[in-house]
Amino acid sequence: MKEAFTYEDMKLIGREKLGNQVPLELFRTIRLIGLHQALPMGGKGTTVTIGRKIGESLPVSTLEDILALFEELQIGIPKIVYQDEHKLRIVVEECFCKGLPVMEGKMVCDLEGAILEGALHKISKDKVAVREVKCNVSGDEHCEYEVRYMR
Ligand SMILES: [Zn+2]
């Protein structure tokens, strides 16, 4: 008997009428009202744990794979806007949070950053840390992550 789910299992969909889609408002509700508002401190430590685990489970072996999957899963459209030996800057256009009311100083896409971190960790031998530096919800023009490699 199977003991644990894999990412591949998630694609086994047996719904005939409703198919493989759920509305964005459900995803947002789980993310922002469920995780962000229900957990202490906006879910800080918990979302990192969840996100990393998800990221590590993804079927990726290159940075390009990760970015393509981010778009395929409709989390957003990621673009690398800066890259050097130690650092990456990734802008996410059309992030799932786009269009939500602005709340000054609030960045809500920490889980997606942690997913990115987990996925990058999976494909890199170096330690990697992802930090959310911009978010639509805090009034920025897009969401953005800073990736640092500890080499
Ligand atoms: Zn966002």
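Everything quoted here is computed from the prediction, not taken from an experiment.

1. Description of the overall build of the chain
Next up, step 1: Looking only at helices and strands, one finds 5 helices and 4 strands in the chain.
Next up, step 2: Listed N to C, the secondary structure of the chain is α-α-α-α-β-β-α-β-β in terms of helices and strands.
Next up, step 3: Over its C-alpha atoms the chain spans a radius of gyration of 16 Å, differing by no more than 12% from the 15 Å that the globule rule assigns to 151 residues.
Next up, step 4: Partitioning the contacts of the chain with sequence separation of at least 6, the portion at a separation of at least 24 is 59%.

2. Looking at helix α5 (residues 110-123)
Next up, step 1: Across its 14 residues, α5 extends 20 Å between first and last C-alpha, which sits within 8% of the 20 Å expected from 1.5 Å per residue.
Next up, step 2: Taken across its 14 residues, α5 has 11 buried, putting it largely inside the fold.
Next up, step 3: Within α5, burial applies to Asp-110, Leu-111, Glu-112, Gly-113, Ala-114, Ile-115, Leu-116, Glu-117, Gly-118, Ala-119 and Leu-120.

3. Quick notes on the UniProt feature "domain: 4-vinyl reductase 4VR" (unreviewed entry) in the chain
Next up, step 1: Mapped onto the present numbering, the UniProt feature "domain: 4-vinyl reductase 4VR" (unreviewed entry) falls at residues 87-149.
Next up, step 2: Secondary structure across residues 87-149 divides into 22% helix and 35% strand, with the first and last C-alpha atoms of the span separated by 6 Å.

4. Some thoughts on the pairing of strand β2 (residues 87-93)
Next up, step 1: Alignment of strand β1 (residues 77-83) against β2, held across 6 bridges, turns out to be antiparallel. Bridge assignment links Lys-79 to a residue of β2, and that residue is Val-91.
Next up, step 2: Two elements, β2 and strand β4 (residues 143-150), share 6 bridges in a ladder whose sense is antiparallel. Of the residues in β4, the one forming a bridge with Ile-90 is Tyr-145.

5. Side note on the sheet that holds β4
Next up, step 1: Here 4 strands make up an open sheet; going across it, the order is β1-β2-β4-β3 and the pairing antiparallel. Lying at the two open borders of the sheet, with one neighbouring strand each, are β1 and β3 (127-134). Averaged over all adjacent pairs, the angle separating strand axes in this sheet is 25°, with direction ignored.
Next up, step 2: Here α5 sits on the sheet and contacts β3 and β4; the angle it forms with β3, its principal contact strand, is near 155°.

6. Let's talk about the environment of Glu-104
Next up, step 1: Along the chain, Glu-104 turns up in the loop between β2 and α5.
Next up, step 2: Counting along the chain gives 103 residues from Glu-104 to Met-1, while the straight-line C-alpha distance between them is 49 Å.
Next up, step 3: Contacts of Glu-104, omitting those with residues within four sequence positions, involve Ser-138 and Gly-139.

7. Looking at the nonpolar core
Next up, step 1: Cys-97, Cys-109, Leu-116 and Cys-135 are the most contacted members of the largest nonpolar core, which totals 25 residues.
Next up, step 2: Mapped by element, the contributors of at least two residues to this core are α4 (63-72), β2, α5, β3 and β4.
Next up, step 3: Per-element accounting of this core gives the leading share, 6 residues, to α5.
Next up, step 4: The contact partners of Cys-97, leaving out residues within four places of it in the chain, are Val-108, Cys-109, Cys-135, Asn-136, Val-137 and Cys-143.

What counts and how
Residues numbered from 1 in each chain as written. Predicted model: local features only at pLDDT ≥ 70, side-chain atom pairs only at ≥ 80, totals over all residues. Helix = DSSP H or I, 4+ residues; strand = E, 2+ residues; numbered from the N terminus. Rg over C-alpha atoms; globule rule 2.2 N^0.38 Å. Contact = placed C-beta atoms within 7 Å. Expected span 1.5 Å × (residues − 1). Buried ≥ 20, exposed ≤ 12 C-beta atoms within 10 Å, placed from the backbone. UniProt positions renumbered as here; feature names shortened; annotations may be inferred. Pairing = 2+ DSSP bridges. Axes fitted to C-alpha atoms, helices over the stretch in contact; angles between N-to-C directions. Core = buried A, V, L, I, M, F, W, Y, C linked by C-beta atoms within 7 Å.

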